[in-house]
Amino acid sequence: MEDKKTNGQLLNEKLTHSSEYIWEKIDEKEKELVFKFSEGYKKFLNSSKTERECAAFTVKMAEEKGFVSIDSLGKDNKLTPGMKVYQVNRNKSVVLAVIGKKGLENGVNIVGAHIDSPRIDLKQNPVYEDTGMVLLKTHYYGGIKKYQWVTIPLALHGVVVKVNGDVVDVNIGEEDNDPVFTITDLLPHLAQDQMQKKMSEAITGEGLNVLFGSIPYDDDKVKDKVKLNILKLLNDKYGITEEDFVSADLEIVPAFKASDVGLDRSFVGGYGQDDRVCSYAALDAILNTNDVDKTAICLLTDKEEIGSMGNTGAQSVFFENFLAKICFLSTDNYNDIILRSCLSNSTMLSADVNSGVDPNYEGVQDKRNASYMGKGIILQKYTGSRGKAGGSEANPEFIAKLRKIFNENNISWQTGEIGKVDKGGGGTIAQFLANLGVEVIDCGVAVLSMHSPFEITSKIDIYTMAKAYNVFYKNIIS
């Protein structure tokens, strides 16, 4: 017989709040669903290591679920409730919508994530020969710890666009019989000076040169024989020349696959989980959304890791133009006020990751206001650095409404910040949608080793996040 709870215990349950580890709350049947969901997620990570690959994956999955390109619709094709449309922006960002029953002037529910990740790009003139070896000059993209990218197997992904307009897909290093590439490091026997440097200085940006080959072309009258042989191999396989690198998007990414981590397989380890973990959950949720009152939108953007600038980033007019188009195709008397009303009445979850508490590095976190692995989604009221600079802050009225729908639908959530106030910080795409008048809050999952070539997420958090996004799509938050 259980002891009767004391008045203090009952009062404590009523007045205090704490998040719980979800693994302790679910049964074996739900655990099976969690592990099954993570298998699809790992396949997504392995096939989507660049923003272009993510966009292509998204379109393929969307079309299989009945979504059609909005660009294929004429001005006389009106959108009606239940219709599913998408639009691709320069093969680097995508937006999908399930049209709701309410008019678009009442706003839409948006889950927005980004599909770019920190990486190493090739420079415009990358190929050079030195001491009998060919290397590739690079320029890193986003916030990386450069020392993490040396002495690991690397793959080359991307596209080359030739002058005749042909687009050549490049993917080397992923198949079992493919070669891989690497960036070399100095042996410890000769690294005395290097080891005295700061971690940020030991490996330089100009030193991130990729080892690419060493067999010379058989012609003594050629100066750079190894380089010529490499260019010949590329020409034989892809039909490209050195000049074609000028019109190419070629990225160096880790060559290894996403894996289960931990003896109990409770984590996923892999490249690009910031922010493809949220992108996959948002995509899965919209693909499984069919009947909504408010139009549901999944926005997947590019360039977040470098400030969301450019015509494929969240600061571009791409999303605003898409909203204008679905407003136009949903009404007989479209005017700009409908679009402005739509934006001001819209709500958004900015689906991005947060730093999880790491037992090895607890000193950077305020543990009372930090994010924990295995405790579900994170409602991050504000982002930015130090004095909240460069971020966005959600309004408390909006947060209260989210608490209500998540509590009512048994969605485990926690709150969190990226770290101690003066330790640093970061931003997401939230601020750019907030600038349009949308109610926005950051809502993602915790990650360990963020921005490294091998990031860690919790399977139970990923599964919970997909459920949360689906609930958000289906609820009216006015």
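Keep in mind the model is a prediction, meaning the values are calculated, not measured.

Attention now moves to helix 10 (residues 396-408). An α-helix turns once per 3.6 residues; consequently, residues spaced three or four apart project the same way. Compared with the 18 Å implied by 1.5 Å per residue over 13 residues, the 18 Å span of helix 10 between its first and last C-alpha is a close match. Of all the residues in helix 10, the buried ones are Phe398, Ile399, Leu402, Ile405 and Phe406. Across the axial projection of helix 10, the buried residues extend over an arc of 130 degrees, all falling on one side. Among the exposed residues of helix 10, those pointing more than 90 degrees away from its buried face are Glu397, Lys404 and Glu408. Packed against the buried residues of helix 10 are strand 14 (347-350), strand 16 (377-380), strand 18 (413-415), strand 20 (439-444) and helix 12 (459-474).

Before going further, it helps to spend a moment on a nonpolar patch on the surface. A cluster of nonpolar side chains, Leu186, Leu187 and Leu190, forms an exposed patch at the surface whose accessible area comes to about 280 Å². Relative to the elements of secondary structure, Leu190 occurs in the loop between strand 8 (167-172) and helix 4 (192-195). Take Leu190: its relative accessible area is 61%, and that puts it in the exposed class.

Further remarks concern helix 8 (residues 318-328). Judged by how many residues are buried, helix 8 sits mostly within the fold: eight of 11 residues are covered. Those residues of helix 8 that sit buried are Phe318, Phe319, Glu320, Phe322, Leu323, Ala324, Ile326 and Cys327. In the core, the buried residues of helix 8 are packed alongside strand 2 (84-89), strand 3 (93-98), strand 4 (108-114), strand 13 (295-301), helix 9 (336-344) and helix 11 (430-434).

Moving on to the pattern of salt bridges. Inspection of every chain in the model, using the stated rule, returns 30 salt bridges. Glu28 serves as the salt-bridge partner of Lys31, at 3.5 Å between the closest nitrogen and oxygen. Residue Lys31 and its partner Glu28 are both found in helix 2 (residues 28-47); the two are separated by three residues, about one turn of the helix. The salt bridge partner of Lys227 is Glu242, with a shortest N-O separation of 2.9 Å. A residue pair is termed long-range when its members are at least 10 positions apart, and Lys227 in helix 6 (residues 225-238) and Glu242 in the loop between helix 6 and strand 10 (248-254) qualify at 15 residues. Overall, the relative accessible area of 16% leaves Lys227 in the buried class.

Spatial ordering of the open sheet is given by 11-12-22, a layout of three strands whose pairing is antiparallel. Looking at which strands have only one partner, the edges of the open sheet turn out to be strand 11 (259-261) and strand 22 (455-458). Here the strands of the sheet are splayed against their neighbours by 35 degrees on average, with no regard to which way each runs. Across four bridges, strand 12 (residues 267-270) lies against strand 22 in antiparallel orientation. Counterpart to Gly270 in the pairing with strand 22 is Glu455. With respect to the sheet, helix 2 is in contact with strand 11, strand 12 and strand 22, its orientation differing from that of strand 12 by roughly 5 degrees. Running over the sheet, helix 12 touches strand 11, strand 12 and strand 22 and is turned about 65 degrees from strand 22.

Between helix 8 and helix 9, whose axes approach to 10 Å, the crossing angle comes to 120 degrees. When the axes of helix 8 and helix 9 are compared, the pair comes out oblique. By crossing handedness, the relation of helix 8 to helix 9 is classed as right-handed. Facing Glu320, Leu323, Ala324 and Cys327 of helix 8, the residues of helix 9 in contact are Ile338, Leu339, Arg340, Cys342 and Leu343. Counted by class, the contact of helix 8 with helix 9 contains seven nonpolar, no polar and two charged residues.

It is worth spelling out the pairing of strand 10 at this point. Counted residue by residue, strand 10 has six buried out of seven residues, so it is predominantly covered. Here strand 5 (residues 119-130) runs beside strand 10; their pairing, made up of two bridges, is antiparallel. The partner of Asp121 across the bridge, within strand 10, is Glu251.

Now for unusual backbone geometry. A cis amide bond, omega 15 degrees, links Asp274 with the succeeding residue Asp275. Within the element layout of this structure, Asp275 appears in helix 7 (residues 273-287). For Asn91, which is not a glycine, the phi torsion comes out positive at approximately 60 degrees. Tracing the sequence through the fold places Asn91 in the loop between strand 2 and strand 3. Owing to a relative accessible area of 44%, Asn91 belongs among the partly exposed residues under this scheme. With phi around 60 degrees, Arg265 is a residue other than glycine that occupies positive phi space. Positionally, Arg265 belongs in the loop between strand 11 and strand 12.

The six strands lie next to each other as 8-7-10-5-6-9, forming an open sheet whose pairing is antiparallel. Each of the sheet's edge strands pairs with one partner strand only, and the pair in question is strand 8 and strand 9 (210-213). Neighbour-to-neighbour, the strand axes of this sheet turn through a mean angle of 30 degrees, independent of strand direction. Across three bridges, strand 6 (residues 133-141) lies against strand 9 in antiparallel orientation. Note that in strand 9 the partner of Leu135 across the bridge is Leu211.

In this structure, Ile286, Leu349, Leu402, Phe406 and Tyr469 are the most contacted members of the largest nonpolar core, which totals 63 residues. Excluding anything up to four places from it in sequence, Phe406 contacts Leu349, Ile377, Leu379, Ile411, Trp413 and Ala468. Ranked by size, the runner-up nonpolar core spans 35 residues in total, among them Leu122, Val160, Val168 and Val226.

Volume-wise, the largest pocket comes out at about 1400 Å³. Taken together, 46 residues line the largest pocket, and the ones lying closest to its centre are Ser355, Val364, Ile418, Gly425 and Met450. Those elements that provide at least two residues to the lining of the largest pocket are strand 15 (354-355), strand 17 (384-385) and strand 19 (425-426). When the residues that make up the lining of the largest pocket are grouped by side-chain class, the tally is 13 nonpolar, 22 polar and 11 charged.

Cut-off values and rules
- Sequence order as written defines residue numbering, which begins from 1 separately in each chain.
- Confidence filtering applies because this is a predicted model: local features only for residues at pLDDT of at least 70, side-chain atom pairs given and counted only at 80 or more, and all residues used for totals across whole chains, interfaces and linings.
- Where side-chain values are given, they derive from all heavy atoms of the structure, hydrogens and water being excluded.
- Secondary structure elements are taken from DSSP: a helix is a run of H or I of four residues or more, a strand is a run of E of two residues or more, and numbering for both begins at the N terminus.
- The span you would expect from a helix comes to 1.5 Å times its residue count less one.
- Accessible area is worked out with a 1.4 Å probe on protein chains only. A residue is then buried under 20% of its type maximum, exposed over 50%, and partly exposed in between.
- Within this analysis, the arc is defined by the directions that extend from the helix axis to the C-beta atoms.
- By the convention used here, residues are in contact when the closest approach between their heavy atoms is within 4.5 Å.
- The residues that make up patches have over 30% relative accessible area and no salt bridge, and they are joined within 9 Å when like-charged or within 5 Å when they are Val, Leu, Ile, Met, Phe, Trp or Tyr.
- To be clear on the numbers: accessible area is Shrake-Rupley with a 1.4 Å probe, and residue cover counts the displayed protein chains and nothing else.
- Salt bridges are defined as contacts in which a side-chain nitrogen from Lys or Arg sits within 4 Å of a carboxyl oxygen from Asp or Glu.
- Paired strands are those between which DSSP finds at least two bridges.
- Orientation is described by lines fitted to C-alpha atoms, with helices fitted over the stretch in contact, and by angles between N-to-C directions that extend from 0 to 180 degrees.
- If an angle is under 35 degrees, it is roughly parallel; if it is over 145, roughly antiparallel; if it lies from 65 to 115, roughly perpendicular; otherwise it is oblique.
- The crossing is said to be left-handed when, going from far helix to near helix, the turn is anticlockwise and less than a right angle, and right-handed when the turn is clockwise.
- The classification used treats Ala, Val, Leu, Ile, Met, Phe, Trp, Tyr, Cys and Pro as nonpolar, Asp, Glu, Lys and Arg as charged, and all other residues, Gly among them, as polar.
- We define the nonpolar core as a collection of buried residues of types Ala, Val, Leu, Ile, Met, Phe, Trp, Tyr and Cys that are connected through side-chain atoms lying within 4.5 Å of one another.
- Grid spacing is 1 Å over the protein atoms alone, the probe is 1.4 Å, and a cavity is where that probe fits but cannot get out, while a pocket is an open set with protein on both sides within 12 Å along at least five of seven lines and lining residues have an atom within 4 Å of a point.
- Grid points are joined across faces, edges and corners, and a volume is the space filled by probe spheres set on the points.

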